[in-house]
Each structure stands twice: as structure tokens, then as C-alpha cells.
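Chain by chain, the residues:
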Amino acid sequence: MARQSQYTVLIICEGENTEPQFFNAIRDRILQGHYSIGDIAITIHPEPKEPENKKSKEQEEERVEQKDYVRQRKSRSLLPGKPLPPEIPGVPPLKWVLAAQDQLRDGTYNEAWVVFDKDNHPAVEQAFIAAAQNINGKQVQIAYTSIAFEYYLLLHFERYYFSFSKSECRIGDVVLNCSTNGADPRECAGARCVGGYARQKHYWTESKSGTSMFPLVEPLLETGFWNAAWIRHESQLRESTVPIHERNPFLTTDSIVKRLTGRTEHHYEFVQLGQEFIIEGRLSIVFDVDLLVKVTNIGSVGIVLPSHSITVTMLSTGVQHTLGERKVIFAGDQASLPFAVSAEELSQAVFTFTIDTVHLGLKL
């Protein structure tokens, strides 16, 4: 017998393959118990298509590697409401936000997300404005990538601030698969499209085949969260006067992935030298110009700083080492942790200060 889930989530995707398959794999992992986010029923629109029969050896191996992601749905029912049509009418991406709002309004879903990129859509700004409206005390959440969902995937492999103009080079509806063999002079070889760049770096070969990309990036989720935060930080430094829907690159796609994998309490932020960051009214954190992390207890209860709370990551190699000693900071007191390192590390490293679930990053 179908049972009513205590909490229902709707995810409306712009694409028909890459995004639905990606979130479908996360949904499967939740049902398999890999991510504990409560008794939640997730509906993806459009529902992902079953993968077509693979013909090449490489594609067949990819399918076999993902056998652990086979759907294990439990029968659940939703509250009565108006179902979404297969093709939502209206102007994109506003139409998806309005459709999600209707679902919140009639109570079918407790939470709604819309996943899209700019893609020369005519109503991007209107979509952001509409999503900010309260519907029964809730808002539609937007998971946005400035040019293509694949840019978020790319950030799991490297920290790359670049204004791609498309996800793939095409001739009409035919994807050229840039960087596969370079036979077509119209291929950009990754100079303009995310797919071509990813193939140049051997990160993946195909993102639009109907096979989920989530298994590929799942072991790298932490890197993706960090790099997405860095992109937003860099974007604010370079384009602070430009609305976020006009920036390239820019993304918030990591927010829905954190939500679905139970990482919403984890905060990843990049700060500038000398910038104060307040944690829940308890701590003031500053990366000081004297190469000290200054931690001030502005709360009323003593706080323990863990040892090795500073991580130094070399961008060129990914090699990490930790700094810092365990300290107790009483209310009103301050502790200073040095992060003085070699001149090479100062120019080539990212410094991270971590306490509880808050991660602050600095790049000099």
C-alpha cells in the first residue's frame, strides 16, 4: 500500500537528461540510505528517461559501473493537487518558477526547487524576482548556473573561473563532441564550451547521454562545494555591480546538492584578508594581515578551538597540511593562530579555517 510521506520535495529541471538523471541518482542514494535527510518523497520533473541501450564498450562499462544506482523506489502518495503537465506552458525560466509556486500553493509539495541556467532565456530576471515571493510561508528555491549545468560538474575537478558561452558546440541540434578527435574545424576544443574543455582534461566524455553524472562527482562533492563558494567570492570581487543573473560565471547549484545530501548545516565561504566573519553570533573570525587567524569569542559561553583547524592546500598539487593548536577561548577573549608559511605557499595555497561545520577559505 502506498504511504503518505511526511515531507514532499519537487525539483523542476530545465533539461530532459543531464539534470533529471543527476538528481535521480541522488534520490536513489537517499532511498538506499547513503544520505539521511528524513522521510522525504522527491519528485523530479521531467522524470528521467530510462537509459537507451548502450552500443559502445566504453558506454557499456559506464552503465555497469553505475549498477548500484538502480532505482529502488518506495511507493508513496502525494497530497491531492493539480499535477504538472509534461510540458509546462509559458516563458522560461519564469514558467518553471510559477509552476513550482502553484504546487506550493495547493499544498502538494512542502518544498520546491527550479534548476536552470541562463541559456539566453527571455525571463531570467523575472524568474528570480518571482521566486522571492512567499507562498504559504515558503519560497521557490533556485539552483542556477550561469551558462550550463556542466559548469557545476566541472568544479568538482578543478577551480576554474571562466566565462564559457555554451555547454557544447553544435550544428543545429547535433552535438560536435569537441575535443574527441578534432576532425571538425568548427570544434572549439574547449575554448567556448564546457564539454570540450572537460574532454580536453579527460574529466568525462559525455554528459548528455541519459546516464547520470552523479556517480562521477559523488566522491568529489566536498571539492565541488568549496569551488562553488570560491566562484561566488571571485564573482563578487569582479562583478559586484552586476546582477547575479547577468554574471558569467556564477552558480548556486551546489545549494540543492547540499540539501539532498544532508550538508545544509555546512557552510563554505571565502573571505578577504581583514574581512570579519561572524558565526552565529558566537565567534568573530578574521584572517589578519599579520598572517594570523584571529578568533574572538563574542558569545557568553567558552569555546574550544580544535587542533589543526587551519588547512593549507597547494593549488598546483592538491597536497594539504594542517596548522593550529587546541585552545579554549572564554567569553570576551581572543586567540590568534598563525598561518605563516613559505613565500611559495603564500602565492600558491588556499588557507582554510574550520570550526564545527563552518569552513572559511582565503586565497592571498
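Residues numbered from 1 in each chain as written. Predicted model: local features only at pLDDT ≥ 70, side-chain atom pairs only at ≥ 80, totals over all residues. Heavy atoms only, no water.

A. Representation of the environment of Tyr7 in the model. Within the secondary structure, Tyr7 is located in strand β2 (residues 7-13). Here Tyr7 falls in the partly exposed class, since its relative accessible area comes to 29%. When the C-alpha atoms of Tyr7 and Tyr109 are compared, they prove to be 7.5 Å apart, with 102 residues separating the residues in sequence. Look past the residues within four positions of Tyr7 in its chain and what remains in contact with it is Asp39, Ile40, Ala41, Asn110, Glu111 and Arg259. Here the side chain of Tyr7 touches Glu111 through a polar contact of 2.9 Å, side chain to side chain. (Helix = DSSP H or I, 4+ residues; strand = E, 2+ residues; numbered from the N terminus. Buried < 20%, exposed > 50% of the residue type's maximum accessible area, 1.4 Å probe, protein only. Contact = heavy atoms within 4.5 Å. Polar contact = N/O pair within 3.5 Å; in protein donor to acceptor, adjacent residues only side chain to side chain.)

B. Broad picture of the pairing of strand β3 (residues 40-45). The element β3 is largely enclosed, with a buried count of five among its six residues. Here β2 runs beside β3; their pairing, made up of six bridges, is parallel. The partner of Val9 across the bridge, within β3, is Ile42. For the crossover that starts at β2, traverses helix α1 (residues 18-31) and ends in the parallel β3, the hand is right-handed. (Pairing = 2+ DSSP bridges. Right-handed = clockwise from strand over helix to strand, strands pointing away.)

C. Layout of the pattern of salt bridges. Scanning all chains against the criterion turns up 14 salt bridges. Put simply, Arg29 and Glu218 hold a salt bridge, and the shortest N to O gap is 3.2 Å. Remark: Glu218 occurs in the loop between α7 (214-217) and α8 (221-239) and Arg29 occurs in helix α1; sequence separation between them is 189 residues. Between Arg282 and Glu280 there is a salt bridge whose closest N-O contact spans 3.2 Å. One network of salt bridges, with partners in common, ties together Glu280, Arg282 and Asp356. (Salt bridge = Lys/Arg side-chain N within 4 Å of Asp/Glu carboxyl O.)

D. Inspection of the sheet that holds strand β5 (residues 111-117) at higher detail. An order of β3-β2-β5-β6 is seen for the four strands of this open sheet, with the pairing classed as parallel. Two strands bound the open sheet, and with one partner strand each, they are β3 and β6 (141-145). For this sheet, the mean angle separating the axes of adjacent strands, direction not counted, is 15°. Sheet strands in contact with α1 are β2, β3 and β5, and its direction is about 165° off that of β3. Along the sheet, helix α3 (residues 94-105) makes contact with β2, β5 and β6, crossing β5 at roughly 175°. (Axes fitted to C-alpha atoms, helices over the stretch in contact; angles between N-to-C directions.)

E. The arrangement of the side chain of Gln101 in detail. With respect to the helices and strands, the residue Gln101 is situated in helix α3. Here Ala130 takes part through its backbone oxygen, which lies 2.7 Å from a polar atom of the side chain of Gln101. Dropping the residues within four chain positions of it, Gln101 is found in contact with Ala130, Ala131, Gln133, Ile135 and Val140.

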